[in-house]
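Okay, here's what each chain looks like letter by letter:
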Amino acid sequence: MSTNRVVDPATQTIPPEQAYPVGSPDHDHLAPPLPVGFEEQADELISHYPVSKRSATLPLLHLWQETFGYISDDGIEWIGHKLGLQPINILELVTFYPMFRQHPAGKIQIRVCRTLSCAMAGSYDLCNHFRQKCGTTENEVHGLEISPDGKYSVEFVECIASCGTAPVIMINDDFHENVTIKRADELLEKYR
Amino acid sequence: MPVSENRLIFANIDKPGYTIDIDCYLKHGGYVELKKALTIPGPDIVADVKLSGLRGRGGAGFSCGMKWSFIDPKRNTKPVYLICNADESEPGTFKDKQIIYKDPHQLLEGMAIACYANNVHLAYIYIRGEFVLGAKILEKAIAEAKAKNFLGKNILGSGYDLEIYIHRGAGAYICGEETGLIESLEGKRPYPRIKPPYFPAVLGLYMSPTIVNNVETLCNIKHIIAMGGAAYAKLGRPNNTGTRLLCVSGDVEKPGYYEFEVGAITLGELIYDVCGGIKGGRKLKAIIPGGSSAKVLKAGERYKIKHKKPDGTMEEKEIALEDVPIDFDTLAAVGSMAGSGGIIVMDETRDMVECLANIATFYAHESCGQCTPCREGSLWMKKITSRLSEGEGHAGDVGLLKTVADNIAGKTICAFGEACAWPVQSFVTKFRDEFDAHTAGDAAAPTPAQKLEAV
């Protein structure tokens, strides 16, 4: 391991070969089977940040999670290597941002808004309804409840900016507004 | 006599047949203002925006032209960046989402004009992570605009280059704070920076001068170019110019988003005439006028405000809550703020302790953890309000709650400290009897007509 790494003060990155010298024990298992086109997508995202590659951390984390479902240790190391950063620089973001997770979520992800306008419109009942219907009540990891078969996950999240049509939920990437209990059951049928 | 809306930014939104593609936007006069702006020298546009009196629509209400003129083109040698703050996450606010999802090109046009005026060649839209579709819509819109040379190299033959990229957040409220947003965009934890010295206009993104503007603010730029700063300044009231997008949620018959000239409508007119009154014919109890961080206003309150008479002299007059015009200065004068335009209405059946517990839970979750008063205090406020709302309050809890809040505001790096303290201070002061009743134990605690189950 190199002892005096030079950090560029403007970009706060270090050259990749120094962050992870090729051939070092850390580097050897850095090759998870990546889907075709993944690396190109990553390079395209990095090109959006001509001043500092470090800015691409969030986009690469999104890309990794969208591809693999969650951020594994391999993902953290791969992104670190790609951007010339230490793994801790990546991990500290994964643990900070609520949207990133280090374990798989359900195939169908349900997010129910918890904050005031939705709560006043009954989102606590609604969230409990989803938990019961999806059988997620017994299995909770870091606020994310997952059904035993891994099909559903239910999460009670903070304001998702649709307060005028409360209560609001997201199923995967789609917003659903004015969700009554009846509508919730219909949606579960639709996403089956 | 109901006040009618004056839709500038929402002019086309929800119109039958109006779509998000560029052809539709061009048919409705799109990118005309960009063409016009490119013929005007940048500093003149900055001067015109200053003249328009436009104030930031994100929450703080700071003069947009002033913000821009902090960057001195003569002395600055570094590149200037512009970031559109599309992190919309203040509870009660959902206006920017309408623009992004229904009229993305309006934002791009406003942004391109702002970038040109300030000699910016690289700009980012920081969009909240949950707007997955919104980010895709904007990416498509950028590609369309580039294909027609409204963005990219040598825009419309003017010699001006601009690249705009989308940067997605990942569910953290603190990224709406401009220096937290900048840290996040640099790929770090979004811990807000201390000011001074880290004013974005001096040491912003990559330690270069940076302008951070809200989505609605940038859309307004397009309309300032269209009508001219002086004409824009005639909309609304002096020092409170233009139109404002208002988002109404909570206990009203017709919640939704509306656009009025600033100060043209009162809280009472908005709730009773525009939004159809309180749900189920019940009575009003409280209004949060500018996103959940704004101090709550209680039904029946009367305020003394200074009012400028037509002849220019000042008079003091007393007005009821319902008569408070929705503008920056009056809402500040009555002890709250216009904030982000998110108006949350609560009716007589609401238990204010539960409502506050819900808000306190939000802030405890969203504190970034950098400053001790906020990191520890927001959690304590959640714990105390939660046990109060469950009827398990301790003697002295209400006083303790107020003390904790008083020791956060003004003692943190960013305004999140105030944002989490203000609701607690105002709820406890104005609804003290309800909080005291909760402390007295289960037997004395009132059973609210609508149990929120908010904690």
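Residues numbered from 1 in each chain as written. Chains lettered and ligands numbered in written order. Predicted model: local features only at pLDDT ≥ 70, side-chain atom pairs only at ≥ 80, totals over all residues. Heavy atoms only, no water.

## Some words on the domain arrangement of chain B
All names here are of chain B.
Inference 1: Entries for chain B in the domain assignment read domain 1 (22–234), domain 2 (240–347) and domain 3 (352–439).
Inference 2: Distance from the C-alpha centre of domain 1 to the C-alpha centre of domain 3: 34 Å.
Inference 3: Each partner contributes residues to the interface: domain 1 has 13 residues there, and domain 3 has nine residues.
Inference 4: Remark: the boundary between domain 1 and domain 3 carries zero salt bridges.
Inference 5: Inspection of the region where domain 1 meets domain 3 yields three residue pairs in polar contact (both at pLDDT 80 or more).
Inference 6: Across the side of domain 1 that touches domain 3, the residue classes tally to eight nonpolar, two polar and three charged. (Domains from an automatic or database assignment. Contact = heavy atoms within 4.5 Å. Salt bridge = Lys/Arg side-chain N within 4 Å of Asp/Glu carboxyl O. Polar contact = N/O pair within 3.5 Å; in protein donor to acceptor, adjacent residues only side chain to side chain. Nonpolar A, V, L, I, M, F, W, Y, C, P; charged D, E, K, R; others polar.)

## Overview of the pairing of strand S7 (residues 243–250) of chain B
Residues and elements named next belong to chain B.
Inference 1: Burial analysis of S7 places eight of its eight residues in the buried class, which makes it a mostly covered element.
Inference 2: Residues Thr243, Leu245, Cys247 and Ser249 point to one face of S7 and Arg244, Leu246, Val248 and Gly250 to the other, with burial holding for every one of them.
Inference 3: In this sheet, strand S8 (residues 256–261) lies alongside S7 in antiparallel orientation, the contact comprising six bridges. Opposite cysteine 247, over in S8, you have tyrosine 257 as the bridge partner.
Inference 4: The turn linking S7 back onto S8 is made up of five residues.
Inference 5: In the sheet, S7 pairs with strand S13 (residues 342–347) via four bridges, with the strands oriented parallel. (Buried < 20%, exposed > 50% of the residue type's maximum accessible area, 1.4 Å probe, protein only. Helix = DSSP H or I, 4+ residues; strand = E, 2+ residues; numbered from the N terminus. Pairing = 2+ DSSP bridges.)

## Notes on the pairing of strand S2 (residues 120–127) of chain B
Residues and elements named next belong to chain B.
Inference 1: S2 sits mainly inside the fold: seven of its eight residues count as buried.
Inference 2: In the sheet, strand S1 (residues 80–86) pairs with S2 via seven bridges, with the strands oriented parallel. Bridged to valine 80 within S2 is valine 120.
Inference 3: Strand direction decides the pairing type here: S2 and strand S3 (residues 163–168), joined by six bridges, are parallel. Bridged to tyrosine 124 within S3 is tyrosine 165.
Inference 4: Note that the unit made of S2, helix H7 (residues 132–147) and S3 has a crossover that is right-handed. (Right-handed = clockwise from strand over helix to strand, strands pointing away.)

## Remarks on the sheet that holds strand S1 (residues 108–113) of chain A
By way of backbone hydrogen bonds, the strands of a sheet pair with one another, either parallel or antiparallel.
Residues and elements named next belong to chain A.
Inference 1: Ordered in space as S2-S3-S4-S1-S5-S6, the six strands form an open sheet in which the pairing is mixed. Of all strands in the sheet, those with a lone pairing partner are strand S2 (140–141) and strand S6 (174–176), marking the two edges.
Inference 2: As judged from the two bridges shared by S2 and strand S3 (residues 144–146), these two strands associate in the antiparallel manner. Bridge pairing in S3 places glutamate 140 opposite glutamate 145.
Inference 3: Here helix H8 (residues 123–134) sits on the sheet in contact with S1, S3, strand S4 (152–157) and strand S5 (169–171), set at roughly 165 degrees to S4.
Inference 4: Here helix H9 (residues 181–190) sits on the sheet and contacts S1, S4, S5 and S6; the angle it forms with S6, its principal contact strand, is near 155 degrees. (Axes fitted to C-alpha atoms, helices over the stretch in contact; angles between N-to-C directions.)

## Things to note about the interface of chain B and chain A
Accessible area lost when the parts come together is the quantity often used to give the size of an interface.
Inference 1: Counting residues at the interface gives 59 residues for chain B and 41 residues for chain A.
Inference 2: For chain B, the biggest contributors to the area lost against chain A are Ala170(B), Arg189(B) and Tyr206(B); these three give 16% of the whole.
Inference 3: Joining chain B to chain A, the criterion identifies two salt bridges.
Inference 4: Here Lys97(B) makes a salt bridge to Glu177(A), at a shortest N to O gap of 3.8 Å.
Inference 5: Here chain B is connected to chain A by 16 residue pairs in polar contact (both at pLDDT 80 or more).
Inference 6: Taken together, the residues of the side of chain B that touches chain A sort by class into 32 nonpolar, 14 polar and 13 charged. (Buried area = accessible area lost by both parts, 1.4 Å probe.)

## Structural notes on unusual backbone geometry
Inference 1: That bond from Ala166(A) to Pro167(A) is cis: its omega, -5 degrees, falls within 30 degrees of zero.
Inference 2: Structurally, Pro167(A) is set in the loop between S4 and S5.
Inference 3: Not every positive phi belongs to a glycine, and Asp14(B) is a case in point at roughly 70 degrees.
Inference 4: Looking at the element boundaries, Asp14(B) is found in the segment before helix H1 (22–27).
Inference 5: Here Asp14(B) falls in the partly exposed class, since its relative accessible area comes to 46%.
Inference 6: In this structure, Asn239(B) takes a positive phi of about 65 degrees despite not being glycine.
Inference 7: Structurally, the position occupied by Asn239(B) is in the loop between strand S5 (236–237) and strand S6 (240–241).

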